[in-house]
Amino acid sequence: MKFFCLLFLLSLFSCYKTSRNCTDYKTGNYYSEVTINGELFKSKFKRTEALQVEVYNNKTDSSQLRWINDCEVVFKTINPKNMAEKKDIHLKILTTTDSSYTFEYSYVGETKKQKGIAYKMDAN
C-alpha cells in the first residue's frame with residue numbers, strides 16, 4: 001500500500017512543469033526587483049534584441065546583449081566607468097508567467113548567483 005501512495009505522489013510531482021516562454025521577454029519595457037543581503041533594489045529597463053537601457057537610482061546604464069539561447073543572455077556595459085562595470089554579466093531566465101520572469105545572474109565566470117524577478121510594463 002505504501003508503494004502505491006509513493007507512486008501516486010511521484011506521479012503528481014512529475015506532471016508539474018516549470019513554464020519558460022523566454023522569447024516573450026527578449027524585448028519590451030520592464031521593472032525588476034532584486035534582494036541582496038536583505039535589501040531590495042528596483043530598476044526599470046527597456047530591452048531590444050541587441051540593447052538594454054536601465055535606470056537605477058536616477059542613473060542610466062546601457063548594455064549590449066548577446067543571446068546564448070532563448071533563455072540566457074550576456075550583458076556587456078557600453079561605457080564602463082569602473083572595473084566592476086567592465087565585467088560581463090550572465091543572466092538566465094528560470095521561469096516565466098504571462099507578465100513576469102524569474103532570473104538568476106552573476107558576473108561571467110563567477111559561481112555566486114543572485115536571483116530576481118522582472119515584471120513586464122505597458123509600452124507607455
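Here goes a summary of the coordinates provided. What you are looking at is a predicted structure, and each value in this text was computed from that prediction instead of being measured. (Residues numbered from 1 in each chain as written. Predicted model: local features only at pLDDT ≥ 70, side-chain atom pairs only at ≥ 80, totals over all residues. Heavy atoms only, no water.)

Attention now moves to the packing of aromatic side chains. Tallied over the full model, the rule gives eight aromatic pairs. Consider the rings of Y25 and Y101, whose centres lie 5.1 Å apart with planes at 55°: the pair is tilted. Separated by 76 residues along the polypeptide, Y25 in the loop between α1 (2-14) and β1 (28-36) and Y101 in strand β7 (residues 100-107) bring together distant segments of the chain. No difference in accessibility class separates Y25 from Y101, as the two residues are buried. Among the aromatic residues, ring-to-ring pairing joins Y25, Y30, F45, Y101, F103 and Y105 into one connected group. One Lys or Arg, K87, reaches over the ring of Y107 and ends 5.1 Å from the middle of that ring. Lying across the ring of Y25, K120 places its NZ or CZ 5.1 Å from the centre. (Phe/Tyr/Trp six-rings, centres within 6.5 Å; stacked < 30°, edge-to-face > 60°. Helix = DSSP H or I, 4+ residues; strand = E, 2+ residues; numbered from the N terminus. Buried < 20%, exposed > 50% of the residue type's maximum accessible area, 1.4 Å probe, protein only. Lys NZ or Arg CZ within 6 Å of the ring centre and 35° of its normal.)

On inspection of all chains with the given rule, the structure shows one disulfide. Between the sulfur atoms of C22 and its disulfide mate C71 the distance is 1.9 Å. Across the S-S bond linking C22 and C71, the dihedral sits near 95°, which makes this disulfide right-handed. Of this pair, C22 sits in the loop between α1 and β1 while C71 sits in the loop between β4 (59-69) and β5 (72-77), and the two are 49 residues apart along the sequence. With a relative accessible area of 8%, C71 lands in the buried category. (Disulfide = S-S within 2.5 Å.)

By themselves these figures say nothing about function.
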